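Fold and geometry: a report
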Amino acid sequence: MTYATLEVFRQDASLGIAPHFDIFKVPLDEKDKTTVLEALEYILMNLDSSLGFRRYCCGLQSCNSCLMEIDGKAAPACHTLVEGGRTTRVKPLEGKVARDLIVDK
Ligand code: FES
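Rules and cut-offs
Residues numbered from 1 in each chain as written. Predicted model: local features only at pLDDT ≥ 70, side-chain atom pairs only at ≥ 80, totals over all residues. Heavy atoms only, no water. Helix = DSSP H or I, 4+ residues; strand = E, 2+ residues; numbered from the N terminus. Buried < 20%, exposed > 50% of the residue type's maximum accessible area, 1.4 Å probe, protein only. Contact = heavy atoms within 4.5 Å. Pairing = 2+ DSSP bridges. Phe/Tyr/Trp six-rings, centres within 6.5 Å; stacked < 30°, edge-to-face > 60°. Lys NZ or Arg CZ within 6 Å of the ring centre and 35° of its normal. Core = buried A, V, L, I, M, F, W, Y, C linked by side-chain atoms within 4.5 Å. UniProt positions renumbered as here; feature names shortened; annotations may be inferred.

This part is about the side chain of Thr 88. Turning to its location among the elements, Thr 88 is positioned in strand E7 (residues 87-91). Note on Thr 88: relative accessible area 1%, which makes it buried. Setting aside chain neighbours within four positions, we find Thr 88 in contact with Thr 5, Leu 6, Glu 7, Ile 70, Asp 71 and Val 82.

Moving on, we come to the pairing of strand E1 (residues 3-12). For a regular strand, the rule is simple: side chains alternate between the two faces of the sheet. Counting buried positions over the ten residues of E1 gives eight, a clear majority of the element. Where E1 meets strand E2 (residues 17-27), nine bridges bridge the pair, whose relative direction is antiparallel. When the sheet's bridge partners are listed, Val 8 is paired in E2 with Asp 22. The antiparallel pairing of E1 with E2 creates a hairpin that spans four residues between the two strands, and Gly 16 there sits at a positive phi of about 75°. In the sheet, E1 pairs with E7 via four bridges, with the strands oriented parallel. Looking at the pairing, Leu 6 lines up with Thr 88 of E7.

Our focus in this paragraph is the packing of aromatic side chains. Under the definition given, this model contains one aromatic pair. The positively charged end of Arg 89 is found above the aromatic ring belonging to Phe 21, 3.7 Å away from the centroid.

Okay, the pairing of strand E5 (residues 73-76) next. Summarising the sheet, strand E4 (residues 67-70) and E5 pair through four bridges and their orientation is antiparallel. Bridge assignment links Leu 67 to a residue of E5, and that residue is Pro 76. Counted between consecutive antiparallel strands, the loop separating E4 from E5 contains two residues, among which Asp 71 sits at a positive phi close to 50°.

This brings us to the nonpolar core. Leu 6, Val 8, Leu 40, Ile 43, Phe 53, Met 68 and Leu 101 are the most contacted members of the largest nonpolar core, which totals 25 residues. Of all the secondary structure elements, the ones that give two or more residues to this core are E1, E2, helix H1 (36-47) and E4. With six residues, H1 is the largest single contributor of residues to this core.

Glancing now at the UniProt feature "domain: Succinate dehydogenase/fumarate reductase N-terminal" (unreviewed entry) in the protein. In the UniProt entry, the feature "domain: Succinate dehydogenase/fumarate reductase N-terminal" (unreviewed entry) is given for residues 5-105. Taken end to end, residues 5-105 is 12% helix and 43% strand, and its two terminal C-alpha atoms sit 28 Å from one another.

A few words on unusual backbone geometry. The phi torsion at Asp 71 lies on the positive side, around 50°, for a residue other than glycine. Of the residues examined, Asp 71 reaches a relative accessible area of 37% and is grouped as partly exposed. Within the chain, Asp 100 stands out as a residue other than glycine whose phi angle is a positive 50°. Here Asp 100 shows up in the loop between strand E8 (97-99) and strand E9 (102-103). Looking at Asp 100, the relative accessible area reads 3%, which means it is buried.

Encoded structure:
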C-alpha cells in the first residue's frame with residue numbers, strides 16, 4: 001500500500017490554536033491516487049476528527065465551493081489529485097480563516 005502525505009493548514013483562534021501545518025499520511029488504493037477532498041475526509045474520519053473543512057461536494061465538478069490553495073494555487077479539492085509518494089500542501093484561500101481550511105466568506 002502506498003501513502004500520500006498532506007501538509008494541512010490548521011488554525012482556530014477561538015481555541016487559541018496558532019497557524020501551523022499538520023502532516024498526515026493517507027493510504028491509497030490500487031489506483032495510487034485520490035482527490036484532496038477524499039483525502040481530507042479520510043483524515044477527518046480516521047486521523048483527526050477536529051479538522052475543519054467544507055465537506056460539501058456538488059458531484060459535478062462545477063460549483064467551486066471546494067476551492068482551496070493546493071500546492072500554491074487555487075484549485076478545486078474535489079477533482080485535484082494527490083498521489084502516492086508525493087507531499088501536497090493544502091491551505092485555505094485568502095481571507096479570514098474561520099477554522100483550519102474554512103474561510104469566512
Ligand atoms: S464541490 Fe463543486 S466543484 Fe468541487
